[in-house]
Amino acid sequence: MFDKLFSGLGEDAPESRLPSERLAAVAGSSAAHEAALWLRAPTALAQLNEEDALAVVGFMRPRRFSSGTTLIRQGETGDTGFMVLVLGGEVTVESQQASRTGPVTLSVLGPGSLIGEMALVDGEARSATCTASTDVSCAVLTRDALVALIAEQPATGAKLMTAIALRLAERLREASQKLQVHAKLVRTLQQEIDVLMPTPDKRK
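Residues numbered from 1 in each chain as written. Predicted model: local features only at pLDDT ≥ 70, side-chain atom pairs only at ≥ 80, totals over all residues. Heavy atoms only, no water.

S.K.: How do you make sense of the nonpolar core when you look at a structure like this?
M.R.: A general feature of soluble globular proteins is that nonpolar side chains tend to end up buried together. One finds Leu39, Leu45, Leu141 and Leu160 to be the most contacted residues of the largest nonpolar core, which totals 28 residues. Of all the secondary structure elements, the ones that give two or more residues to this core are helix 2 (30–39), helix 3 (50–57), strand 3 (82–88), strand 8 (136–142), helix 5 (143–152) and helix 6 (154–196). Core analysis: the second largest hydrophobic core is formed by 15 residues, Phe65, Val84, Val86 and Ala128 among them. (Core = buried A, V, L, I, M, F, W, Y, C linked by side-chain atoms within 4.5 Å. Buried < 20%, exposed > 50% of the residue type's maximum accessible area, 1.4 Å probe, protein only. Helix = DSSP H or I, 4+ residues; strand = E, 2+ residues; numbered from the N terminus.)

So this is what it looks like as structure tokens:
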């Protein structure tokens, strides 16, 4: 099915096609409709409706990555102009932290997961390394395609950007909650240390 994604138009730049060609490419493709369904998954951009998701898919390129291939590398700044929608297989997300000698596995993502949407928007360095832990099939939205989508279908482009912003805000809230839990644990540990090892002033 994947080889016939978007009516078999392959990996050429979808933003270079005429709108009628792009519409025809996705309209009769069951794989394109399946990709649009994954794009609306809770782990991706659930705020999009079916029509908007299919329009976005029309601007995406089908890609395959073999197991072990690095899709995105932490700290990379020269190739940040794309995001990836996982359609099949699994991707391991790792982060290299200064306090550790090796990378820390943050998550393992499957179909319906989005990768790289933050750098697609702000163009900054990648925040984590994403590696195909199995053979992976996916759809890629480049920054050029995003610009073309916004110019050609501004309403859909606005909905897409809003959905991405909401997703990023949700991740920020989750990170903030984790920091609050971490801070609480640190305070509790410090209180226990103070009880076990009181300072000279407290022993008087």
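Next comes the rest of the account.
S.K.: Where do I start with the side chain of Thr129 in this structure?
M.R.: Here Thr129 is to be found in strand 7 (residues 129–132). A polar atom in the side chain of Thr129 sits 2.9 Å from the backbone nitrogen of Gln74. Ignoring sequence-local partners within four residues, the contact set of Thr129 consists of Thr70, Ile72, Arg73, Gln74, Thr92, Val93 and Glu94. (Polar contact = N/O pair within 3.5 Å; in protein donor to acceptor, adjacent residues only side chain to side chain. Contact = heavy atoms within 4.5 Å.)

S.K.: So what exactly am I meant to see when it comes to helix 3 here?
M.R.: The periodicity of an α-helix, 3.6 residues per turn, causes residues three or four places apart in sequence to face the same way. The buried count for helix 3 comes to six of eight residues, which makes it a mostly enclosed element. Regarding helix 3, the residues found buried are Asp52, Ala53, Leu54, Ala55, Val56 and Val57. Two to three positions downstream of the cap, the backbone nitrogen of Glu51 sits 3.2 Å from a side-chain oxygen, assigning the N-cap of helix 3 to Asn49.

S.K.: Quick question: what am I supposed to make of the packing of helix 2 against helix 3 here?
M.R.: Geometry of a packed helix pair, given as the angle between the helix axes and the separation of the axes. With their axes 8 Å apart at the nearest point, helix 2 and helix 3 run at an angle of 115° to one another. Here helix 2 runs over helix 3; the crossing is right-handed. Listed contacts from helix 3 to Ala32, His33, Ala35, Ala36 and Leu39 of helix 2 are Glu50, Ala53, Leu54, Val56 and Val57. Partitioning the contact of helix 2 with helix 3 into residue classes produces eight nonpolar, one polar and one charged. (Axes fitted to C-alpha atoms, helices over the stretch in contact; angles between N-to-C directions. Left-handed = near helix turned anticlockwise from the far one by under 90°. Nonpolar A, V, L, I, M, F, W, Y, C, P; charged D, E, K, R; others polar.)

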